[in-house]
Amino acid sequence: MGRERLERYSLIGAENQAAVAAGLAGGDWFRSAVPRKRMKELMRRSDYPAIRDTAVWLGLILLLAGLGSALWLVWHSWWAVPFLLAYGILYGSTSDSRWHESGHGTAFKTRWIDESLYQLASFMIMRDPTTWRWSHTRHHTDTLVVGRDPEIAVMRPARLARLLANLIGLVDVPVAFWLMFRHAGGRLTAEEADYVPASERRKVYRTARVHLAIYTLTIAAAIGFRSWLPVVLVGGPRFYGACLFYVYGFTQHAGLGENVLDHRLNTRTVKMCFVNRFLYWNMNYHVEHHMFPMVPYYRLPELHEEISRDCAPPYPSLWAAYKEIIPAIVRQLKDQEYYVRRELLPGAAPFNEPAPINDGRALPLATATAA
Amino acid sequence: MAQWIAACAAEDIDPEDVIPFTRDGSDYAIYRSPDDGYYATGGHCTHEKTLLCDGLVMDGVIECPKHNGRFDYTSGKALGAPVLVDIRTYPVKVMDGTVYIDVQG
C-alpha cells in the first residue's frame, strides 16, 4: 500500500493527469480578504532591508570562512572546527531561504541584485536556478497536489531513511551532481520536462557546465594543495551544514493535508526567535507567503497580523511544530489518509473545500470522484 | 475598426496602480502610471489564468500576484520567467475624466 501510494507522487504518472481532470491543477485557492490599499503597502518593496540582511549574512560567511581557514592553515588548530561548522550551516542551510526569496523576485526592488543573489544561492544550495524556478512555480500553483507538486518533501508514507540521510545531504547532494552531469550533457529528466518550457532549457545546460567547472576547480585545488579545505569551503557545506535547512523546511508542509485548495490546510506558520527568523528570512510565515507570494519577507510579520483572524493559531515554536510533525509522520507510515487538520479561530472564513476530493486525505482520485 | 468603451473614471485608479474591467465576458486590466498615463492590457497573466489586477504595479511593470511574472504594461512585453508570452495591450484615451479602451485595438 505504501509503495503504491508513493508512486502517485510521480509527475509523469497517472496521478498528474487525474489531478488535472479533477480540477485540482491550477485550482482557485482561498485567500483572506485584504483591502487593496493595505495589500499595496505590504507588497511595496525596498532594497534596504535585503541589502542590510545580505551584507550581514555574506559578511558572517566570509568572516567565519576566514577565521576557520586561518586557524586551520596557520595554527593547525582544531578551534577551526566550530568556525567552519558555523560557516557550513550558513552556506549549506540558510542559502535555501535566500534562494527562495530572491527566486520570487520580492527580496530586492532592484532586479539585478535580486537575480545575483538568486544565482549565488542556487549554486550554494546545489539547485539549478532555472529548473528550480519552474519547480517552485509549480509548487505555488499546485501546493501539495499529489502528482503535480514537485516539491513535496515529506510524502505519505514518509521515506524516513531518505529524510534522515538528507540531514547531512547524503541523498540530495549525489542527486544534485547526477542532475548537473545530466544537464551538462544537454538533457532534462522526464519530470523536469513536465514543468520547464523548451525555451528555457538551454539556460539549464549552460549553468550546469559552469557549476561543474567550479566544482572541478575546487577538487583540483584540494588535490593540488593536498588539503580538504577547498572542499570544506565549496560544496562540502551542503553535506556537513545542511541539517538546519531540513529542520526548518519540514515545518512548512509535513503531515498536513494534500489535494486541498486552501493553504491553511496544507501549510504551517511557526513563530520563531529573532535569530531563526534572520537565518530563515521569515519563511516561517509560510501560510502568509503561500497566500500572498508578492509580499517580501520583511513585510510577512505585518501580513501575519493582517490575516491572523482567518488562520489557525501559529505554532509557538519549532519545538511545538515538531511535537505535531513527528507523530503525524509516524502515523502516516501506516495510515496514509491521516493528516493534521487545524482548527480555525471563531469567526474565521471557513476552509475552502469545494469538492470531497479537497478534504486533505488525498484519496485515489478515481475512488474519491466516485464517492 | 476601433471600438471605444468607457471603462472607468480617470480618478478611479490611483497613481501607479491597476484596476480590473470586464466587458462581454472578457477581463482587462487598466493602469495609471505615476505621471498620469493610462494603459490597458488583457486581464489575465499569460502564464496561468491569474487576474493581474491583484498584482503590484511598480516602475512601469505589473507583477502577477501568483508567481511574480512581470510585464511592461506599456508595451505588453513579458520580462522573464515564468512569463514567456507577451500580454496583449489595448489603446486607451481619456476624455472628460473618463477612461476609454479600444477593445478591438
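Counting from 1, residues in each chain are numbered in the order their sequence is written. Each chain takes a letter, starting from A, and each ligand takes a number, starting from 1, following the order in which they are written. Residues qualify for local features only when their pLDDT is at least 70, as the model is predicted, and side-chain atom pairs are given and counted only at 80 or more; totals for whole chains, interfaces and linings, by contrast, use all residues.

A. The arrangement of the overall build of chain A in detail. A run of H or I in DSSP counts as a helix once it spans at least four residues, and a run of E counts as a strand once it spans at least two, with each numbered from the N terminus. When helices and strands are counted, chain A shows 21 helices and zero strands. For a compact globule of 371 residues, the expected C-alpha radius of gyration is about 21 Å, and chain A comes in at 21 Å, within 12% of that figure. Along the three orthogonal principal directions, the C-alpha set of chain A runs to about 70 × 40 × 40 Å. Counting the 371 residues in chain A, one finds 45% classified as buried. The long-range fraction of contacts in chain A, counting pairs at least 24 apart against all pairs at least 6 apart in sequence, stands at 67%. A radius of gyration in this sense is built from C-alpha atoms; the matching globule rule multiplies 2.2 Å by the number of residues raised to 0.38. Each residue is classified by how many other C-beta atoms fall within 10 Å of its C-beta atom, where C-beta atoms are placed from the backbone; a count of 20 or more means buried, 12 or fewer means exposed, and values in between mean partly exposed. Residue pairs qualify as contacts under a 7 Å threshold applied to their C-beta atoms, which are placed from the backbone.

B. Inspection of the packing of helix H8 (residues 129-141) of chain A against helix H12 (residues 201-225) of chain A at higher detail. Residues and elements named next belong to chain A. Axis lines are fitted to C-alpha atoms, over the contacting stretch for helices. Their N-to-C directions set the angle, which ranges from 0 to 180 degrees. Their axes nearest at 7 Å, the elements H8 and H12 cross at an angle of 130°. Compared by their axis directions, H8 and H12 come out oblique. Mapping the contact onto sequence places Pro129, Thr130 and Thr131 in H8 and Lys203, Val204 and Thr207 in H12. Under the grouping applied here, Gly and all other residues not named as nonpolar or charged are polar, the nonpolar ones being Ala, Val, Leu, Ile, Met, Phe, Trp, Tyr, Cys and Pro and the charged ones Asp, Glu, Lys and Arg. The class makeup of the residues in the contact of H8 with H12 is two nonpolar, three polar and one charged. Throughout this description, any angle smaller than 35 degrees is read as roughly parallel, any larger than 145 degrees as roughly antiparallel, any in the 65 to 115 degree range as roughly perpendicular, and the remainder as oblique.

C. Structural context of the environment of Pro91 of chain B. Residues and elements named next belong to chain B. If you trace the backbone, Pro91 turns up in the loop between strand E8 (89-90) and strand E9 (92-95). Overall, the presence of 14 C-beta atoms within 10 Å leaves Pro91 in the partly exposed class. Residues Pro91 and Glu48 lie 43 residues apart in sequence; the distance between their C-alpha atoms is 24 Å.

D. The packing of helix H10 (residues 172-184) of chain A against H12 of chain A, seen in detail. Residue and element names in this part refer to chain A. Two elements in contact, H10 and H12, have axes whose closest approach is 7 Å; the angle formed by their N-to-C orientations is 120°. Classified by the angle their axes make, H10 and H12 are oblique. At the point where H10 passes H12, the crossing takes the left-handed sense. Residues Met180, His183 and Ala184 of H10 form the contact with H12, whose participating residues are Val204, Tyr205, Ala208, Arg209, His211 and Leu212. By residue class, the composition of the contact of H10 with H12 is six nonpolar, two polar and one charged. By convention the crossing between two helices is left-handed if the near helix lies anticlockwise of the far one by an angle smaller than a right angle, and right-handed if it lies clockwise.

E. A look at the confidence of the model for chain B. Scored from 0 to 100, pLDDT reflects the predictor's confidence in each residue. Summary statistics for chain B give a mean pLDDT of 96 and a share of 100% for residues scoring 70 or more. ipTM for the predicted complex: 0.92, alongside a pTM of 0.95.

F. Layout of helix H19 (residues 300-307) of chain A. Residue and element names in this part refer to chain A. Buried within H19 we find Leu300, Leu303, His304, Glu306 and Ile307. The arc that holds the buried residues of H19, viewed along the axis, is 160°, so those residues lie on one side. Looking at the packing, one finds that the buried side of H19 touches helix H3 (36-43) and helix H18 (286-291). Arc, as used here, means the arc of the directions from the helix axis to the C-beta atoms.

G. Representation of the nonpolar core in the model. We call a set of buried Ala, Val, Leu, Ile, Met, Phe, Trp, Tyr and Cys residues a nonpolar core when their C-beta atoms link them within 7 Å. Formed by 83 residues in total, the largest nonpolar core has its most connected members in Ala29, Ile30 and Ile101 of chain B. Aside from chain neighbours lying at most four places away, what touches Ala29 of chain B is Val18, Pro20, Ala40, Thr41, Gly43, Leu52, Cys53 and Ile62 of chain B.

H. Structural view of the sheet that holds E9 of chain B. Residues and elements named next belong to chain B. Paired strands are those between which DSSP finds at least two bridges. Read from one edge to the other, the open sheet built from three strands follows the order E1-E10-E9, with strand pairing classed as antiparallel. Edge positions in the open sheet fall to strand E1 (4-9) and E9, since each of these has one partner strand only. Sheet twist, expressed as the average angle between the axes of neighbouring strands with direction ignored, equals 30°. Note: E1 against strand E10 (residues 98-102), five bridges, orientation antiparallel. Bridge assignment links Ile5 to a residue of E10, and that residue is Ile101.

I. Quick peek at the pairing of strand E4 (residues 38-42) of chain B. All names here are of chain B. Across five bridges, the pairing between strand E3 (residues 26-32) and E4 is antiparallel. Paired with Tyr28 across the bridge in E4 is Gly42. Taken together, E3 and the strand that follows it, E4, pair antiparallel across an intervening segment of five residues, in which Asp36 is found at a positive phi of about 65°. Sheet topology note: the E4/E8 ladder contains two bridges and is antiparallel. Within E8, the residue paired with Thr41 across the bridge is Thr89.

J. Quick peek at the sheet that holds strand E5 (residues 56-58) of chain B. Residue and element names in this part refer to chain B. One open sheet holds the three strands; their spatial order is E5-E6-E7, and the pairing between them is antiparallel. The two strands at the open ends of the sheet, each matched to only one other strand, are E5 and strand E7 (70-72). Going from strand to strand, the sheet's axes swing by 25° on average, the running direction of each strand aside. Taken together, the three bridges between strand E6 (residues 61-63) and E7 define a ladder with antiparallel strand orientation. Paired with Val61 across the bridge in E7 is Asp72.

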